[in-house]
Each structure stands twice: as C-alpha cells, then as structure tokens.
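Here are the chains, one letter per residue:
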Amino acid sequence: MANTLDSGPVSPLIADLYARAAATPRPAQRPGPDASAQERADAMAEVYMPIDPVAGRMLYSLVRATRPEIVVEFGMSFGISTLHLAAAVRDNGVGRVVTTEMSAAKIAAATATFAEAGLADVIEVLAGDALETLAALPGPVGLVLLDGWKELYLPVLEILEPRLPSGALVIADNASHAGAQPYLERVREPARGYVSVNFPSKADDSMELSCRV
Ligand SMILES: C[S@@+](CC[C@H](N)C(=O)[O-])C[C@H]1O[C@@H](n2cnc3c(N)ncnc32)[C@H](O)[C@@H]1O
C-alpha cells in the first residue's frame, strides 16, 4: 500500500524543512496590532511557523480516511502542512489541495519544494489574501486546515461554509490563541451546524476539530 508521507522524496524533504524551521529565529521586532495581514506576512516571510509533526501525521490520516475531493489550506507558509495533505491526496488517488499564501517569498520557495516532492500536480497555490482568493473556489470542500492569521479563521470559515457538505472536517491549529476565540464560539454553538472538539497539540496550545453536520 502507498505511503508517500514516509517515503522519499517527501519524508526527507519534510525532515529538512522542520530542521530549517527550528534553526530560523523569529524577528526581534514584530508588527504592531494595527498592521495589515500583508504587513505581518511580509514581516514573517522567513519564519516557518509549521504545524507540530504529530498534527501533520494526523492531517495525513484524516485526508486518507475521508478521501475529500478538495482540501483547502488557509496559510501555507513554506508548505510543511501542505506536503502532509498532498501526500495523503496522492495516496488516495483522488482529490487536490488548494492552499493559500500572501508572502511571495514563501510561495516561490514552497512551489520549488512541491516540485521536488513530486506533488506539484495535486497542489494549487492561490497567491494573495485568502479572503479574496478563496471566494471563487468551487466545492465540495471536504477538509479544511485553518493555519493563517488567527483572527481570520472565522471570516475564512464564512467564505467556505456554503461549500462544506455534511461530514466535512475543519481543523483549526493554534486554537488557544486569543485571536481564534470568535471562531471557536461559532463552531462550538451546536445550532451553527458543527460538532466540535478541542485537544492539546503541544504543551501550551491546542487544535479544534469540527465536523459539519
Ligand atoms: C502559521 S503559518 C502557516 C504554517 C503552515 N500551515 C505549516 O504548517 O507549514 C501562517 C501563514 O499564513 C499566511 N497568511 C496569513 N494570513 C493570510 C491571508 N489572509 N491569506 C493568505 N495567507 C495568509 C502567512 O503569511 C503565514 O505564512
């Protein structure tokens, strides 16, 4: 049975990207609270901020289990999470990953990585603000990873919601971040159409897994 995640060239590429992420310091000066999403993306253009490796393997498994036609990722960065999602799509033999990023430098680097991984044919990178680039996306969207700026989780969900069928999964990283609270309030309100569960992803953070019902 196929396991693209744990084989070459994907497995060593992911290991190399995690090593680079660990070796890259965060900028000493971060943009203030009034900075735009683009200004923050530009300030963090060299910073990886990847999902935890365990979360990456969970994402691979969820995509394998649910076999979505379209996987959407909000916040690609250097593409570590995207590689996990795309490896699962490859092994499913069906579907594609549509990912979003507004840093031109990260898009260039990740695009080269996807080609090196042999996964470029199952990944579409939408360049620019996801609030705009996702608006025209067709459905059905079977699985969503939210990992861009946290206060945009709810607006991104609202854009995608008409294309989420019953059974679609939405996974939000960094759910303990204050900016994600309006999103959490939405998906945890049963009347809004989700069954939602929170679980720790590392010592000081969590993820929220929400199933559209
Ligand atoms: C936490 S990082 C993503 C990490 C990535 N998912 C991984 O695991 O490797 C967040 C990324 O989202 C991007 N981003 C934030 N807001 C965005 C928006 N409105 N549209 C597109 N990309 C955005 C940032 O530029 C940044 O690179």
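Rules of the game
- Residues numbered from 1 in each chain as written.
- Predicted model: local features only at pLDDT ≥ 70, side-chain atom pairs only at ≥ 80, totals over all residues.
- Heavy atoms only, no water.
- Pairing = 2+ DSSP bridges.
- Helix = DSSP H or I, 4+ residues; strand = E, 2+ residues; numbered from the N terminus.
- Axes fitted to C-alpha atoms, helices over the stretch in contact; angles between N-to-C directions.
- Core = buried A, V, L, I, M, F, W, Y, C linked by side-chain atoms within 4.5 Å.
- Buried < 20%, exposed > 50% of the residue type's maximum accessible area, 1.4 Å probe, protein only.
- Contact = heavy atoms within 4.5 Å.
- Expected span 1.5 Å × (residues − 1).
- Arc of directions from axis to C-beta.
- Near = heavy atom within 4 Å.
- Polar contact = N/O pair within 3.5 Å; in protein donor to acceptor, adjacent residues only side chain to side chain.
- Areas by Shrake-Rupley, 256 points an atom, 1.4 Å probe, with all protein chains shown as cover.
- Salt bridge = Lys/Arg side-chain N within 4 Å of Asp/Glu carboxyl O.

Visitor: How do you make sense of the sheet that holds strand β7 (residues 205–212) when you look at a structure like this?
Guide: Two orientations exist for strands paired in a sheet by backbone hydrogen bonds: parallel and antiparallel. Taken in spatial order, the seven strands line up as β3-β2-β1-β4-β5-β7-β6 in an open sheet, and their pairing is mixed. The sheet is open, and its two borders are formed by β3 (123–127) and β6 (194–202), each paired with just one other strand. In this sheet, neighbouring strand axes are inclined to one another by 15° on average, regardless of whether the strands run parallel or antiparallel. Bridge count between strand β1 (residues 70–74) and strand β2 (residues 96–101): five bridges; the pairing is parallel. By the bridge assignment for β2, isoleucine 70 is matched with arginine 96.

Visitor: Looking at this structure, I do not really get the nonpolar core. What am I missing?
Guide: A general feature of soluble globular proteins is that nonpolar side chains tend to end up buried together. One finds Leu85, Leu119, Leu143 and Ile171 to be the most contacted residues of the largest nonpolar core, which totals 38 residues. Every element with two or more residues in this core is listed here: α1 (10–23), α3 (53–66), α4 (80–92), α5 (104–117), β4 (141–146), β5 (169–172) and β7. If one sorts the elements of this core by residue count, α4 sits on top with seven residues. In this structure, leucine 119 is in contact with Thr4, Val10, Leu83, Ala86, Ala87, Arg90 and Phe114, ignoring residues within four places of it in sequence. Val141, Val156, Val170 and Val187 belong to the second largest nonpolar core, which has 33 residues in total.

Visitor: What am I meant to see in α1 here?
Guide: In an α-helix, one turn spans 3.6 residues; hence positions three or four apart end up facing the same way. An ideal rise of 1.5 Å per residue puts 20 Å on 14 residues; α1 measures up with 20 Å between its terminal C-alpha atoms. Among the residues making up α1, those that are buried are Val10, Leu13, Ile14, Leu17, Tyr18 and Ala21. Buried residues of α1, seen end-on, are gathered within an arc of 135° and therefore sit on one face of the element. Exposed residues on α1 whose side chains face more than 90 degrees from its buried face are Ala22 and Ala23.

Visitor: Any chance you could explain helix α8 (residues 181–188) here in plain terms?
Guide: Within the span of α8, buried status applies to Tyr183, Leu184, Arg186 and Val187. Take α8 and look down its axis: the buried residues cluster within an arc of 160°, on one side only. In this fold, the buried residues of α8 make contact with β4, α7 (153–160), β5, β6 and β7.

Visitor: For this particular structure, what's the right way to read the site of the ligand?
Guide: Near the ligand there are 23 residues, and of these Gly75, Ser81, Glu101, Lys106 and Asp147 occur at the shortest range. In this structure, a nitrogen atom belonging to the ligand sits 2.9 Å away from a side-chain N or O atom of aspartate 129. In isolation the ligand exposes 610 Å². Once the protein is present, 98% of that is buried. Among the secondary structure elements, those contributing two or more residues to the shell around the ligand are β1, α4 and β2.

Visitor: Would you explain the pattern of salt bridges in this entry?
Guide: For side chains of opposite charge, pairing can occur when their charged atoms come near one another. Scanning all chains against the criterion turns up eleven salt bridges. The salt bridge partner of aspartate 6 is arginine 57, with a shortest N-O separation of 3.0 Å. You can see aspartate 6 sitting in the segment before α1 and its partner arginine 57 sitting in helix α3, a full 51 residues away along the chain. In this structure aspartate 6 comes out as partly exposed when scored by relative accessible area, which is 39%. Arginine 57 sits in the partly exposed class, given a relative accessible area of 43%. Put simply, glutamate 151 and arginine 40 hold a salt bridge, and the shortest N to O gap is 2.8 Å. In this pair, glutamate 151 is assigned in the loop between β4 and α7 and arginine 40 in helix α2 (residues 37–43), connecting sequence segments 111 residues apart. Glutamate 151 gets classed as partly exposed once you look at its relative accessible area, which sits at 37%. Members of the salt-bridge network, linked through shared partners, are Glu158, Glu161, Arg186 and Arg212.

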